[in-house]
Amino acid sequence: MRLKQLKKTSSSILLITALTLVATQAFPAFASATERQVVIETARKYLIFGLVEHKPDLVPLAEKCWRVEQGINTGRSGAEIKRRLLQDEYKAITAITNERWLVEGNEAVVFYDLHVTGVAGPVLIAERFRVIDRQITEIEAIFYRPTASTAAAPHSPNPDSKG
């Protein structure tokens, strides 16, 4: 009797394991927390080592990685992107705060505040990364730099409101 129950339990475990494997292969959105973390950790190396610490050699960029900023190509290879990260405009970056990550499969979008020497207040960034085999293959960045007038302007969720 116990042997029969053990066989049923073993069969159930095998079936659940097989279904889980099929689901994670067929539906990448159901990828494990570990896979999600790998994508974030890989992309964060660009943010931390590339932008803040100015150590682009520690950024895992694929040879054919490309980068676009505000719709303009700013790098057609991993080597070119690493060279650009050493330019003065990037050396003015001092910190990144308020990271908020969205991850699906091998792509991540992060929203963050970029702190730059000589710029009052943070620059608001949205950046998309594609990560394959723990290497960044694509980067797309969009930024918004609030001015004193836009930062101080009253916000009204309803354009027709009088307040």
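Since this is a predicted model, take the numbers as computed values, not measurements. (Residues numbered from 1 in each chain as written. Predicted model: local features only at pLDDT ≥ 70, side-chain atom pairs only at ≥ 80, totals over all residues. Heavy atoms only, no water.)

## Observations concerning the packing of aromatic side chains
Item 1. Taken as a whole, this structure holds two aromatic pairs when the rule is applied.
Item 2. Geometrically, the ring pair formed by Tyr46 and Phe129 is edge-to-face, given 5.6 Å between the ring centres and 65° between the ring planes. Here Tyr46 is found in helix α2 (residues 33-52), whereas its partner Phe129 is found in strand β5 (residues 123-132), with 83 residues between them in sequence.
Item 3. Taking the relative accessible area as the measure of exposure, Tyr46 reaches 0% and is therefore buried.
Item 4. An aromatic cluster is built from Tyr46, Trp101 and Phe129, whose rings are joined through pairwise contacts. (Phe/Tyr/Trp six-rings, centres within 6.5 Å; stacked < 30°, edge-to-face > 60°. Helix = DSSP H or I, 4+ residues; strand = E, 2+ residues; numbered from the N terminus. Buried < 20%, exposed > 50% of the residue type's maximum accessible area, 1.4 Å probe, protein only.)

## Here's the deal with the pattern of salt bridges
Item 1. One pass over the full model with this rule turns up ten salt bridges.
Item 2. When the shortest N-O distance is used, the salt bridge between Arg44 and Glu99 registers 2.8 Å. With a gap of 55 residues between them, Arg44 in helix α2 and Glu99 in strand β3 (residues 93-104) connect regions that are remote in the sequence.
Item 3. Since its relative accessible area comes to 25%, Glu99 is described here as partly exposed.
Item 4. One network of salt bridges, in which partners are shared, links Glu107, Arg128, Arg130, Glu138 and Glu140. (Salt bridge = Lys/Arg side-chain N within 4 Å of Asp/Glu carboxyl O.)

## Re the nonpolar core
Item 1. Tyr46, Leu47, Leu51, Phe129 and Ile136 are the most contacted members of the largest nonpolar core, which has 27 residues in total.
Item 2. Where this core is concerned, the elements lending two or more residues are α2, β1 (61-69), β3, β4 (107-116), β5 and β6 (135-144).
Item 3. Of the residues forming this core, the biggest block, six residues, is contributed by α2.
Item 4. The contacts of Tyr46, once residues within four sequence positions are left out, are Leu51, Val59, Arg67, Ile81, Leu85, Glu127, Phe129, Ile136 and Ile139. (Core = buried A, V, L, I, M, F, W, Y, C linked by side-chain atoms within 4.5 Å. Contact = heavy atoms within 4.5 Å.)

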